[in-house]
Number of protein chains: 2
Amino acid sequence: MTNIGDVARHLGVSRSTVSYALSGKRPVSTEMKARIDAAIRELDYWPSAAGLSLATSRRNIIGLLAPLGENATPSVALQFVDGVARSSRTHGFDTLLVTGREAFEGVERLVRAGVVDGLVALDVENADPRLAELEGASLPAVLLGQPARPVQLDTVDMDWEVAGATLVRHLAELGHRRALVLGAPEAAYTMEMTYAVRFRAGVTRAASEADVEITEIPVGNDFSASLTKIHDALVGHNDVTGVIVQHEAAAAPLLAAAGALRLRIPEDLAVAGITLDVVDHALGRPLTGVGNPSVAMTRTAVDLLVERIVHADAVLPPRAVVVDGGGELIDRGTTAPAQRRR
Amino acid sequence: MTNIGDVARHLGVSRSTVSYALSGKRPVSTEMKARIDAAIRELDYWPSAAGLSLATSRRNIIGLLAPLGENATPSVALQFVDGVARSSRTHGFDTLLVTGREAFEGVERLVRAGVVDGLVALDVENADPRLAELEGASLPAVLLGQPARPVQLDTVDMDWEVAGATLVRHLAELGHRRALVLGAPEAAYTMEMTYAVRFRAGVTRAASEADVEITEIPVGNDFSASLTKIHDALVGHNDVTGVIVQHEAAAAPLLAAAGALRLRIPEDLAVAGITLDVVDHALGRPLTGVGNPSVAMTRTAVDLLVERIVHADAVLPPRAVVVDGGGELIDRGTTAPAQRRR
DNA sequence: ATGAAAGCGCTAACAC
DNA sequence: GTGTTAGCGCTTTCAT
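Computed from a predicted model, the values in this text were never measured in an experiment.

**Q** Quick rundown of the relation of the copies chain A and chain B? Include the residues and the values.
**A** What relates the pair of chain copies is a rotation about an axis plus a shift along that axis. Superposition of chain A onto chain B requires a rotation of 180° combined with a translation of 0.0 Å along the rotation axis, giving an RMSD of 0.1 Å. Within this description, the copies of the chain are treated as partners about a two-fold rotation axis. Closest to the rotation axis within chain A is the C-alpha of Leu96 of chain A, separated from it by 2.2 Å. In this assembly, 98% of the residues forming the interface of chain A have copies in chain B that are likewise at the interface, indicating an isologous arrangement.

See the structure below:
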């Protein structure tokens, strides 16, 4: 494998000149620059990542802590994972994916061994041991999702409250007065998960303002259990004409329940929800509603992280960014004016 | 950050002794070993990945090329991605996730810069530019999925032919004589994708042996399009009593179509298919059928790759491993003896 | 504008 | 069983 010394020798110049020609950190005559570029091509030289790492103590790798646990929805999780990977590349970074228990237990190793330059954490819960660990780490870290307690780290989340309010208001404007909200699992409230609490706050506020009566049903990731629950709720509340879906995973069982009850969407039942930027068709019909801005969120998270990596000296206060997108409604034809249900 | 020299100095020994105590590549007296371990803990020493990489020319990182294109099913893709990441850790490797265009265009960079020690490629198509590139690369690579043409690389796939035959035979044994097969998209056959061709071969063979009449419907990732197609097929072939689902993404639209036609599963319609090791409840009802051995496949792929990385000198012929699992049927209650459809 | 040389943290051949 | 030392490939300060 040819190294920077081979290139230098080939041209009879010093290694530093080649190095500076590549990095641009010192002026190099245009003629020399051209000769170096030619030699690099001729000798097929690629700078070694290992040598570079040792000299600069930068790896150009971002670590992504993605537990991918039971209650993660695969299509949603993949959007975030892919989003981080793509955003990293736009800054010249690669992404090290750390899943399962290692996402919790491997943090010290990654930080202390200097495997990565910074960390992005997915699915952070409030009792998450990673929180304290990342706060105390010598490496920058960004959380995707806002924990309940204030945290000494950058965080990026969507505006769940606006999203909830927007969905309710949309149904209200179509004349719906009774709506079902397929909300977060009960555990999410017990743990005071911000997304659950704030979404509910938005829903509640808009519902009282717009005079819509809400029945909330907690929905998890188990298809059959959700199907039964939703089915029973639709039967039990037969004045309901609209449904709000907070979580991707609730869409499929809802569609199944509606089908079984021969409720046409949107004629008999208006459905609005939060759906991914990139629709997962396997999950079911894409819904009218607000987007889950996974692309904007991951891009922002990586931007913040790279900023801290590149300006390791600067002291920035923790930033809690709320990404736009929850306010705009995308019409995919699953809502219509309220009618009395048959 | 404390380094190996600090530890050595602290004990008044040489750096090599510390190094060897850690790697075990040279005998170290038990007493010395204990003193070193203590010092390491006391000084909170972690070996630097960068120094190690430069000295050993090993990064302990496996690259995962995952295009995650349009026709990838998110839940399936995530199983493979997560499987590779977990398997890598069992060998002490981390996983660098490379998605999108970079999964194609970044191969040279990863290889030549020595960012990773080896590569695993997902979703390899026959005209895939990565094939030639990986065959010519100086780094070991393993394909998840068997390309049509013989290839100078290790490959790991499941036995699609056995899977197809097993599913047909299962329906036949329950007395079904007319079955729908929700197969691969048309394009998969045009491109001679091995999984499509071999699954169909297994289905066809078993169907003729067991005297089952098959109607095959190509199904892609678009929910609405699939729903219409499947609905029409169930209506058009009203003697069909069993359905075989090749691909996860066909399950949701099938369940929706059956619901709309008020066909109960399994009473009116027996459904069998290929489902993930880790059943994704969010996708819909888990199906009776053969498993998609994503765990075994990724484990095997990483095993093969690590073997080549560790024994870089050994010359092994390319190995095409076919993972078991397609032959065993898992009953999840979605099939039943054939009855005449109402 | 360019060169010389020290050093990043570790391993492993060579000595004893 | 342990020590010495020459690299691995690059950057960057100090000279010129």
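**Q** Describe the protein's contact with DNA strand D, and please don't skip the residues or the numbers.
**A** Contacts to DNA strand D come from 29 residues, most closely from Asn3, Ser16 and Gly51 of chain A together with Ser16 and Pro27 of chain B. At the level of secondary structure, the elements contributing two or more residues to the surface near DNA strand D comprise α2 (15–23) and α4 (49–56) of chain A together with α2 (15–23) and α4 (49–56) of chain B. Counting residues per element, the surface near DNA strand D draws most heavily on α2 of chain A, which supplies six residues. Classifying every residue of the surface near DNA strand D gives 14 nonpolar, 11 polar and four charged.

**Q** Tell me about the protein's contact with DNA strand C, residues and numbers included.
**A** As a structural note, the neighbourhood of DNA strand C is formed by 28 residues, with Pro27 of chain A together with Asn3, Ile4, Ser16 and Gly51 of chain B the closest of them. Elements with a minimum of two residues in the surface near DNA strand C: α2 and α4 of chain A together with α2 and α4 of chain B. Residue composition of the surface near DNA strand C, grouped by class: 13 nonpolar, 11 polar and four charged.

**Q** A description of the interface of chain A and chain B should follow, citing residues and the corresponding values.
**A** Many authors give the size of an interface as the accessible area that is lost as the parts come together. With 49 residues of chain A in contact, the opposing surface of chain B contributes 49 residues. Only α4, α5 (74–90), β2 (94–99), α12 (223–236) and α13 (251–260) of chain A provide two or more residues apiece to the side of chain A that touches chain B. Here the side of chain A that touches chain B is composed, by residue class, of 24 nonpolar, 15 polar and 10 charged. Bridging between β2 of chain A and strand β2 (residues 94–99) of chain B involves three bridges; their strand directions are antiparallel. Looking at the pairing, Leu97 of chain A lines up with Thr95 of chain B of β2 of chain B.

**Q** Describe in detail unusual backbone geometry, supporting the description with residues and values.
**A** All names here are of chain A. Of the consecutive residues Ile265 and Pro266, the connecting peptide bond is found in the cis state with omega at 10°. Inspection of the secondary structure assignment puts Pro266 in the loop between α13 and β9 (270–276). Its identity is not glycine, yet Asp44 carries a phi of approximately 55°, on the positive side. With respect to the secondary-structure elements, Asp44 resides in the loop between α3 (30–43) and α4.

**Q** Kindly report on the nonpolar core, identifying the contributing residues and their values.
**A** Counting 197 residues, the largest nonpolar core has Val120 and Leu254 of chain A together with Val120 and Leu254 of chain B as the members making the most contacts within it. In terms of residue count, helix α13 (residues 248–260) of chain B provides more of this core than any other element does, nine residues in total.

**Q** Could you give me a rundown of the packing of helix α5 (residues 74–90) of chain B against helix α14 (residues 294–310) of chain B, with the residues and numbers involved?
**A** All names here are of chain B. α14 packs onto α5 with a crossing angle of 45° between their chain directions and a minimal axis gap of 8 Å. As summarised for this structure, α5 and α14 are arranged oblique, according to the angle between their axes. Here α5 runs over α14; the crossing is right-handed. Of the residues in α14, those in contact with Gln79, Phe80, Gly83, Val84, Ser87 and Ser88 of α5 are Ser294, Val295, Thr298, Arg299, Ala301 and Val302.

**Q** Explain the sheet that holds strand β7 (residues 213–218) of chain A to me, using residue names and the numbers behind them.
**A** Residue and element names in this part refer to chain A. Here five strands make up an open sheet; going across it, the order is β7-β6-β8-β9-β10 and the pairing parallel. In the strand order of this sheet, the two ends are held by β7 and β10 (288–292), each with one partner. Going across the sheet, the axis of each strand differs from the next one's by a mean of 20°, ignoring polarity. Relative to β7, strand β6 (residues 178–183) runs parallel, the two sharing six bridges. From the neighbouring strand, Leu180 faces β7, where its bridge partner is Thr215. Against the sheet, α12 touches β6 and β7, its axis set at about 160° to β7. Together, β6, β8 (242–245) and β9 form the strand contacts of α13, whose direction differs from that of β8 by roughly 160°.

**Q** Describe the packing of α12 of chain A against α13 of chain A, with residues and values.
**A** Residues and elements named next belong to chain A. The N-to-C vectors of α12 and α13 enclose an angle of 50°; their axes lie 8 Å apart at closest approach. Relative to α13, α12 is oriented oblique. Relative to α13, α12 is oriented so that their crossing is right-handed. On the side of α12, the interface is formed by Phe223, Ser226, Leu227, Ile230, His231 and Leu234, while α13 contributes Ala252, Pro253, Leu254, Ala256, Ala257 and Ala260. Residues that form the contact of α12 with α13 fall into these classes: 10 nonpolar, two polar and no charged.

**Q** A description of α2 of chain A should follow, citing residues and the corresponding values.
**A** All names here are of chain A. For α2, the complete set of buried residues consists of Thr17, Val18 and Ala21. When α2 is viewed along its axis, its buried side chains cluster within an angular range of 100° and face the same direction. Exposed residues on α2 whose side chains face more than 90 degrees from its buried face are Ser16 and Ser23. Those residues of α2 that are buried are in contact with α1 (4–11) and α3.

**Q** Let's hear about the pairing of strand β3 (residues 118–121) of chain A: which residues, and what values?
**A** All names here are of chain A. Here β3 shows two buried faces, one formed by Gly118 and Val120 and the other by Leu119 and Ala121. As defined by bridge partners, strand β1 (residues 61–66) adjoins β3 across four bridges and the pair is classed as parallel. Residue pairing for β3: Leu65 is matched across the bridge by Ala121. Taken together, the three bridges between β3 and strand β4 (residues 141–144) define a ladder with parallel strand orientation. Looking at the pairing, Val120 lines up with Val142 of β4.

**Q** Account for the sheet that holds strand β8 (residues 242–245) of chain B, with residues named and values stated.
**A** If you walk across this open sheet you meet the six strands as β7-β6-β8-β9-β10-β12 (chain B), and the pairing is mixed. For this open sheet the edge positions go to β7 (213–218) and β12 (329–330) of chain B, each flanked by a neighbour on one side alone.

Each value, and the rule that gives it
Every chain begins its residue count from 1, and numbering advances along the sequence as written. In the order they appear in the text, chains get letters beginning with A and ligands get numbers beginning with 1. With pLDDT at 70 or above as the cut-off, local features in this predicted model cover only qualifying residues; side-chain atom pairs require 80 or more to be listed or tallied, and sums for whole chains, interfaces and linings still use all residues. C-alpha atoms of residues with pLDDT of at least 70 in both copies form the basis for the least-squares superposition of the copies. We call two residues in contact when their backbone-placed C-beta atoms lie within 7 Å. Residues are classed as near a molecule or strand if the C-beta position derived from their backbone is within 6 Å of it. Strands here are runs of E lasting at least two residues and helices are runs of H or I lasting at least four, both read from the DSSP assignment and numbered beginning at the N terminus. Under the scheme applied here, ten amino acids are nonpolar (Ala, Val, Leu, Ile, Met, Phe, Trp, Tyr, Cys and Pro), four are charged (Asp, Glu, Lys and Arg), and all others, including Gly, are polar. Only when DSSP finds a minimum of two bridges between them are two strands counted as paired. Only buried Ala, Val, Leu, Ile, Met, Phe, Trp, Tyr and Cys residues enter a nonpolar core, and they are joined through C-beta atoms within 7 Å. Any residue whose C-beta has 12 or fewer other C-beta atoms within 10 Å is treated as exposed, any with 20 or more as buried, and any in between as partly exposed, C-beta atoms being built from the backbone. In this analysis, axes come from line fits to C-alpha atoms, helices being fitted only over the stretch in contact, and the angle between any two N-to-C directions falls in the range 0 to 180 degrees. Small angles under 35 degrees read as roughly parallel and large ones over 145 as roughly antiparallel, with 65 to 115 read as roughly perpendicular and the rest as oblique. What makes a crossing left-handed is the near helix being turned counterclockwise from the far one by less than a right angle; a clockwise turn instead makes it right-handed. Note: the arc covers the axis-to-C-beta directions of the helix.

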